[in-house]
Amino acid sequence: MYGTMRAGLKISPFDERYLPKLVEWVRPLWSMVDWEGQVSTVDWRDEFRDLDVEFILRHNIFRNEFALQLTEEREAGGEELLAVALAAGKHEENDAVEWLAPRLAGLGQQEQDSLQLVVDYLEDMDRRTCSQMTEDDIRLTLFASSQPGCGRLILEELEGRLRAAGFASLYLWTDSDCTHQWYPRHGFELVEMARNEAFSTPQRDFLTYIFRKELIP
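A brief look at the structure comes next. (Residues numbered from 1 in each chain as written. Predicted model: local features only at pLDDT ≥ 70, side-chain atom pairs only at ≥ 80, totals over all residues. Heavy atoms only, no water.)

### Concerning the pattern of salt bridges
Convention followed: Salt bridges are identified by distance alone: a Lys or Arg side-chain nitrogen within 4 Å of an Asp or Glu carboxyl oxygen. Every helix listed is a DSSP run of H or I at least four residues long, and every strand listed is a run of E at least two residues long, numbered separately from the N terminus. The cut-offs for exposure are 20% and 50% of the maximum accessible area for each residue type, with area from a 1.4 Å probe on protein chains only; residues under the lower value are buried, those over the upper are exposed, and the others partly exposed.
Overall, the coordinates contain 23 salt bridges when judged by the stated rule. Among the salt bridges present, the one from lysine 10 reaches glutamate 79, with a minimum N-O distance of 2.7 Å. Note that lysine 10 is positioned in strand S1 (residues 9-13) and glutamate 79 in strand S3 (residues 79-89), a separation of 69 residues in sequence. Note on lysine 10: relative accessible area 33%, which makes it partly exposed. Residue classification places glutamate 79 among the partly exposed residues on the basis of a relative accessible area of 33%. A salt bridge links glutamate 156 to arginine 152; the nearest nitrogen and oxygen atoms lie 3.3 Å apart.

Written as structure tokens, this is what we have:
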């Protein structure tokens, strides 16, 4: 382990059985806005909201040695998920789009159009981030925490493993609907900020950010 943790905490490979828990965590944040960047006026079905969020999560899950979870042992037995941090190399791919394809048939046209906007947005931001990277870099694809301090713990562990593996820099992208202010406070440098025209409105700019943190000076 890279760092000190209190008793009962454990960092281990990410277990996809925790996907429903992650959907529960991020659903209120990710599914309450339209892709025009404003509070949702569409009465989306709960099933569609869950599908939307699960696809976003799966888009960012890569089955490699740099997919970590932080859990805590409970007195009554079992473990509670506290945080996840996943990373992927510049050319790594996953099967998220293939997973989504057969699930589109049961959706209405408005739902399909909304999901296509999600797909296009995620793929565009991934391309822009990877264009900043060299073969010696890696990117943080998913980072979520349910308790203060847990995100820092798992990120420190991940960064230690990435340094040991020889990666030079850690990249990530995020947007103005997320807690992007957290990253500069934890050693990340802003390398690109842009206004997303598709999701912005005359009243509100939807901004995207790409950050980098040097792992090996």
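### So, the pairing of S3
Heads up, the rule is: DSSP bridges decide pairing: two strands pair if at least two such bridges lie between them.
S3 sits mainly inside the fold: 9 of its 11 residues count as buried. Both strand S2 (residues 67-73) and S3 contribute to a ladder of 7 bridges, which runs antiparallel. In the strand pairing of S3, threonine 71 is matched with leucine 81. With antiparallel pairing between neighbouring strands as the criterion, S2 and S3 make up a hairpin whose turn holds 5 residues, including glycine 77 at a positive phi of roughly 105 degrees. One ladder, built from 7 bridges, connects S3 with strand S4 (residues 138-145); its direction is antiparallel. Within S4, the residue paired with leucine 86 across the bridge is leucine 142.

### Notes on the sheet that holds strand S7 (residues 207-214)
Applicable threshold: In this analysis, axes come from line fits to C-alpha atoms, helices being fitted only over the stretch in contact, and the angle between any two N-to-C directions falls in the range 0 to 180 degrees.
Overall, mixed pairing links the 7 strands, which are arranged S1-S2-S3-S4-S5-S7-S6 in an open sheet. The open sheet terminates on both sides in strands that have one partner only, identified here as S1 and strand S6 (189-195). On average, each strand axis in the sheet is inclined to that of its neighbour by 25 degrees, with strand direction left out of account. Of the pairings in the sheet, the one linking S1 to S2 comprises 5 bridges and is antiparallel in character. Note that in S2 the partner of proline 13 across the bridge is leucine 68.

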